[in-house]
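This is what each chain is made of:
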Amino acid sequence: MPRINPFKHLHQDQGEGEQIESSRLAKRVTLVIFVLFLLLFPHYAPWEPDYQKSDSVLQTIFTLYFFVANQTLGIVHEGGHGVCYILPCPEFITMANGTVFQLLFPALIGYYYYKKGNSFAALIALFFVGFSLQYTAWYISTAHEGLILPAHKSFLGVDAIHDFNYMLSAMGLLAYESMIAGVTRFVAYLIMLISVIGMFFDAFPNDKEKRIKRRKNF
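How each quantity is defined
- Residues numbered from 1 in each chain as written.
- Predicted model: local features only at pLDDT ≥ 70, side-chain atom pairs only at ≥ 80, totals over all residues.
- Heavy atoms only, no water.
- Axes fitted to C-alpha atoms, helices over the stretch in contact; angles between N-to-C directions.
- Helix = DSSP H or I, 4+ residues; strand = E, 2+ residues; numbered from the N terminus.
- Parallel < 35°, antiparallel > 145°, perpendicular 65-115°, else oblique.
- Contact = heavy atoms within 4.5 Å.
- Nonpolar A, V, L, I, M, F, W, Y, C, P; charged D, E, K, R; others polar.
- Salt bridge = Lys/Arg side-chain N within 4 Å of Asp/Glu carboxyl O.
- Buried < 20%, exposed > 50% of the residue type's maximum accessible area, 1.4 Å probe, protein only.
- Expected span 1.5 Å × (residues − 1).
- Bend = angle between axes of the 7 residues up to and from the residue.

> Explain the packing of helix H2 (residues 57–86) against helix H4 (residues 119–141) here, please?
When two helices pack together, their arrangement is captured by the angle between the axes and the distance separating the axes. H4 packs onto H2 with a crossing angle of 85° between their chain directions and a minimal axis gap of 12 Å. When the axis of H2 is compared with that of H4, the two are roughly perpendicular. Facing H2, whose interface residues are Tyr-65, Phe-66, Ala-69, Asn-70, Leu-73 and His-77, H4 presents Phe-128, Phe-131, Ser-132, Tyr-135 and Tyr-139. Among the residues forming the contact of H2 with H4, the class breakdown is eight nonpolar, three polar and no charged.

Below you can see the structure in the form of structure tokens.
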């Protein structure tokens, strides 16, 4: 007859407790990184008004990060246009689809993790929705430069149509470019802030409330 360990549940609880603590630690470290990023973002983002180029280590890190992020978002953005080159989309939808894909990409990743029950990962994805919207705000702010986007400014390295010059002109809103870009930037920061606040509450849960709920269940 196999021996039954009467203290087995205690070892299991201890193992689960260690897993929870290590998970919380990882979340808290990640939270600190995102808080620092959010605070430093206005100073080091190359399109922000406060941007000042320097040779500091932080500047180098942010420059490398923005290069990688720009390439990633650029590929997704152009992929959105590419869908409409394959499918018979109206011209306005073709212009808008790049930005739609650029925002949907992190949003769908967030939705996936939310459905999986991983709220922290979903909040990280939400942060990148805001980050992507920052790029959109900058793009909108350059609409006044003209309908044709020169090759040296185009992601594909060829002359292209400026999405927002076309769309804002079509809607008669080109004169309000600065205001639209400002509102978009504000919403982007708000999304990033909300996601960081959500990460904080996820990383520092109220254990007392959970204990009370468990007692009520028993």
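> Help me understand the pattern of salt bridges, please; the structure alone is not making it clear to me.
Between side chains of opposite charge, a pair can form as their charged atoms come close. Evaluation of the coordinates by the stated rule reveals two salt bridges. The shortest N-O distance in the salt bridge between Glu-21 and Arg-24 comes to 3.8 Å. Within this pair, Glu-21 and its partner Arg-24 are both found in helix H1 (residues 8–44), separated by three residues, close to a single helical turn. For Lys-27, the salt bridge is made with Asp-202, and the minimal N-O distance between the two is 2.7 Å. Of this pair, Lys-27 sits in helix H1 while Asp-202 sits in helix H6 (residues 177–203), and the two are 175 residues apart along the sequence. On the accessibility criterion, Lys-27 (21% relative accessible area) is partly exposed.

> Please explain helix H3 (residues 91–115) as it appears in this structure.
Working note: α-helix, 3.6 residues per turn, so residues spaced by three or four point in the same direction. If you check H3, its first and last C-alpha atoms are 34 Å apart, about what 25 residues at 1.5 Å a residue would give, namely 36 Å. At Asn-97, H3 shows its maximal bend, which comes to roughly 35°. Buried within H3 we find Thr-94, Met-95, Ala-96, Asn-97, Gly-98, Thr-99, Gln-102, Pro-106 and Gly-110. In this structure, the buried side of H3 is in contact with H2, H4, strand S2 (160–161) and helix H5 (163–170). Of the residues flanking the end of H3, it is Gly-117, one or two places downstream, whose phi is positive at about 90°.

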